[in-house]
Amino acid sequence: MATDVAAPKAVTAAEFKGRVDPDWCPGCGDYGVLAAVQKALVELQIPNHQVATISGIGCSSNFPGFIETYGMHTLHGRSLAVATGFKMANHGMTVLVTGGDGDGFGIGGNHFMHTMRRNVDLTYLVMDNQIYGLTTGQTSPTSRLGMKTKSMPFGSVEGPINPISLALAAGATFVARGFSAEQKHLTELIKQAIEHKGFSFIDVFSPCVTYNKDNTFQWFRPRVKKLEENSGYDPSDWSTAMEKSLLWGDEIPIGKFFERTDVPTLHGSEPVLNQGPLVYQDNRIPPEIAKGFIDELM
Amino acid sequence: MRQSFAVGIGGAAGQGVATPGDIFAKVFSRRGLHLNAYNAYQSIIRGGHTFLTIRTGPEKITNMGDRLDLLIPLNQDTMDRHLHLLGAGGAVLYNSDSIKPGEHADGVQICPIPVSQLADISKNKVAQNTLAIGAALSMMGVGFPALEHVLAEQFRKKEQKVIDENVNLARAGYDYATQHFKPFAWPLPMTETKYAVLSGNAAMAMGGVAAGVKFYSAYPMSPSTGVLHWMAEHARKGNIMVRQVEDEIGVVNMAIGAAHAGVRAMCATSGGGFALMSEGLGLAAQAEIPIVVIDCQRAGPSTGVPTKTEQGDLWQMLGAAFGDYPRVIAAPLDIADCFKLIPEIFNVADKFQCPGIVLCDLLLSEGRLSVDPKELDFYPEIDRGELITSNGVEHEPYKRYKITESGVSPRVVPGLPGYTHTVSSDEHDEDGILISDEYTNTTKRRAMMEKRMRKMEGIEAAVPLPQLVGPANADVTLIGWGSTYGVIEEACEQLREAGISANYLPVRWLVPLHGDAILDLLKNAKHTIIVENNYSGQFARYLRSETSFVPNGYIRKYDGEPFMPHHIVEAVKEQLAGETNLSVPTHEIMV
Ligand SMILES: Cc1ncc(C[n+]2csc(CCOP(=O)(O)OP(=O)(O)O)c2C)c(N)n1
Ligand code: SF4
Ligand SMILES: [Mg+2]
């Protein structure tokens, strides 16, 4: 259907520069995530027209507007569903899904779980700031117990979810955690995630400098420890990954917790796609198939 | 009056009502007869009461009719519920080992079958069903080979032993009836045409294939599940991606993702699932991504009556999602139309880049109709609208939401170099850039709103006008929408036979409604009555809100069962006599 007649050229950072500058608050963690994604795409030499960036709603979900790709700004919590449909219709494209902790683990929690068990081949980046940013600072599913916000001014009485353990339990085939301030490390994780065949999830600490006074850059910096610095760490070992995912406090691991490559992707399991991406397939069925459908009714 | 013959088979769920139904349907359609089948059932897997009516005849059979000619009760309950509906000339065939007839009208032939004498019931629990089929076809004047053939096919996946056993049972029933019972006065005729028999759900699924649907997503919900089942079973042959999703919110959003990637995407649900989809419909409209959503209405609100029919979702469709946005809504008139409508609505949705809603209902979704296979055209026109698929030509910087006179901005298939852009749920400018952040640009917002809504003008011109059917100067004009088409058509015929000339206006496109055209059609009508399957007269209210038109009367039914022709005929008579202007017919069978 679509035909590309342009000669291939080297992919540069310029092509990913968005049409408008991000309107995030100065110092917002999301800037670092945007920069890391742009860097990763350049390093992987994926041209911008082969990338779909799909988000939900939130500060972090404004991401597709700040990077020049085929972007989709969808509904609060629905990015993964939209992205699954997109990927199934054109599995030739690299699909990035970007959003917040509220978007992904709150309103979109059901899609999160099911996208992981389906092993949809896309990269899901959650800019986890442990708060609802866009709606001016309410408790999120990752806000810590006792955290005071506008919606829970006397402190949250609900414990947070653990996105890493959740992803591991749900069968995600690539599970990682990054930190917006650790640019090189994050870029590397994003590259691996994009190259991973299957669902890749990166929970990125991306502090909200305006509404979260608890989980600030300063709070995270001394606590994050790279799993990669532990030479004995084996990311193919699910049980150890699960154990590590439970660490929270003075030491919070970041890095690739887990990866397995032996699970077929959703699109790889669909014989219907043997003839190539759905979007480039003929939308008429052959006459003998049509005849067969009618014969069944006779 | 058109010639027809109706068989009613009833029993508890799990007693095997479906198989005799399938066998009768095959025998009739292969004889070149039309048929219409409707199954009244409940949301129960075992027990309860299932009652299948199959009506057949040489002319089009548009509804289940008014009476039964043959009753086959598989249990006492069915006998008790339905025997009183048989009139002179009718017959009841039953297993006399376990079922007793009750009070019945004069002239009803009581046909007991001594099942245990004719079959080894310890081996075959559904022997009574097969014996009854054989007996019934003998009384209808159908030769045995036709039945033998259909039985062999029905059980083709079983061993030869099973086929032989069923053929022998059917033969025993056939011969027993020939010896002991009177044949019906009207032997079933035969014609040369062979009909396809299909449900509305299968028809919509196949209509989707004809439209070029490549992505179908769903979450099971009666009465829409048949679309999913058909699609899933035929996905690999038709090269269609079928996905069962975690909920209807996911369903519609997946369809939107696939549609944006460039394929035709469709999904089906019922009222409850549709409610979950409504925010997604707004997204499709705002981001200008065409999708088609089928709503198979069932009796609501809430979980309602999952296995009963109603036309109660109209206002949900009209108001689905917040804000104003262009949409199209169409209600298929019959099962053949379920097929035809899908490619049509896809063309409109694609051309105008907006959501299309198909408002079907249980009556059509799960009913079955004979259709001339020529009507099932798998190669209708496919118009994808303005869709950029090649970057071969020089072009200006691409603006996804370019302001145009028609309101339509060319779409692009993602993946093409030189056309990257972002489609947006938030209000945006021509570029797709959000204008809702920081400060809201009122000029741009207004321009975008007007651009989108301008599409309605084009849609109105692209969609056919409604037509009045029947004599121009009729005494009464019946107005209906969607699935009531068939029953209204027959009611008009019965009214004419009773000396009341009647015509009718079947409304198929609800949005756009073509209000002026409707007013024009109705301006000389002597007595207008709106017929619909809901409590509040949803269509009547809608028509009034769009046109100020107020009819002379209303006929409504909201007990879960569809109209029968006589319900409408009697209601028209009482309204013409000035007795009332609102008739709510009583459904005489408890099913
Ligand atoms: C259905 C729906 N409910 C609520 C909202 C309002 N809303 C927009 S963003 C948001 C939360 C955003 O939090 P998060 O996803 O963590 O993103 P962040 O702004 O923190 O990056 C909410 C509640 C909405 N847009 N849609
Ligand atoms: S409110 Fe918080 S999350 Fe939103 S842009 Fe500002 S700093 Fe970032
Ligand atoms: Mg957040």
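Everything numeric here is computed off the predicted structure, so don't read it as measured data.

A. Focus on the coordination of the magnesium ion (ligand 3). Residue and element names in this part refer to chain A. Taken together, the protein donors to the magnesium ion (ligand 3) comprise Asp101 (OD), Asn129 (OD1) and Ile131 (O), at separations of 2.1 to 2.2 Å. Each donor residue of the magnesium ion (ligand 3) lies on one chain, and together they are spaced D-x27-N-x1-I. In this pair, aspartate 101 is assigned in helix H3 (residues 101-107) and isoleucine 131 in the loop between strand S4 (123-128) and helix H5 (163-169), connecting sequence segments 30 residues apart. Take isoleucine 131: its relative accessible area is 2%, and that puts it in the buried class.

B. Highlighting the packing of helix H7 (residues 200-211) of chain B against helix H12 (residues 335-352) of chain B. Residues and elements named next belong to chain B. Relative orientation of the contacting elements H7 and H12 amounts to 30°, with a least axis distance of 7 Å. Classified by the angle between their axes, H7 and H12 sit roughly parallel to one another. The element H7 and its partner H12 pack so that their crossing is right-handed. Judged by residue contacts, Gly200, Ala203, Met204, Met206, Gly207, Gly208, Ala210 and Ala211 of H7 engage Ile335, Cys338, Phe339, Ile342, Pro343 and Phe346 from H12. Within the contact of H7 with H12, the residues separate by chemical class into 11 nonpolar, 3 polar and no charged.

C. Here's a closer look at the confidence of the model for chain B. Counting all residues, the mean pLDDT for chain B is 95, and 99% of those residues have values of 70 or more. Prediction confidence for the complex, expressed as pTM and ipTM, is 0.97 and 0.97 respectively.

D. The arrangement of the domain arrangement of chain B in detail. Each assigned domain of chain B is listed here: domain 1 (5-180), domain 2 (199-376), domain 3 (387-460) and domain 4 (476-590). Domain 1 of chain B and domain 3 of chain B are separated by 60 Å when their C-alpha centres are compared.

E. Just the interface of chain B and chain A, in detail. Contacts between the two partners involve 76 residues from chain B and, on the opposite side, 60 residues from chain A. In terms of surface lost to chain A, no three residues of chain B exceed Glu246, Tyr379 and Thr420 of chain B, which account for 12% of the buried area on that side. Our count for the contact surface shared by chain B and chain A stands at 3 salt bridges. A salt bridge links glutamate 246 of chain B to arginine 118 of chain A; its shortest N-O distance comes to 2.6 Å.

F. Highlighting helix H1 (residues 30-43) of chain A. Residue and element names in this part refer to chain A. Taking 1.5 Å per residue, 14 residues should reach 20 Å; H1 reaches 20 Å between its end C-alpha atoms and fits that length. Within H1, burial applies to Asp30, Gly32, Val33, Leu34, Ala36, Val37, Gln38, Ala40 and Leu41. The inward-facing, buried residues of H1 abut strand S1 (51-55), strand S3 (94-100), S4, helix H6 (183-195) and strand S6 (200-205). Trailing H1 by a residue or two, glutamine 45 shows a phi angle of about 55°, which is positive.

What counts, and at which threshold
Residues numbered from 1 in each chain as written. Chains lettered and ligands numbered in written order. Predicted model: local features only at pLDDT ≥ 70, side-chain atom pairs only at ≥ 80, totals over all residues. Heavy atoms only, no water. Donors = N, O, S within 2.8 Å, 3.2 Å for Na, K, Ca; no water. Helix = DSSP H or I, 4+ residues; strand = E, 2+ residues; numbered from the N terminus. Buried < 20%, exposed > 50% of the residue type's maximum accessible area, 1.4 Å probe, protein only. Axes fitted to C-alpha atoms, helices over the stretch in contact; angles between N-to-C directions. Parallel < 35°, antiparallel > 145°, perpendicular 65-115°, else oblique. Left-handed = near helix turned anticlockwise from the far one by under 90°. Contact = heavy atoms within 4.5 Å. Nonpolar A, V, L, I, M, F, W, Y, C, P; charged D, E, K, R; others polar. pLDDT = per-residue confidence, 0-100. Domains from an automatic or database assignment. Buried area = accessible area lost by both parts, 1.4 Å probe. Salt bridge = Lys/Arg side-chain N within 4 Å of Asp/Glu carboxyl O. Expected span 1.5 Å × (residues − 1).

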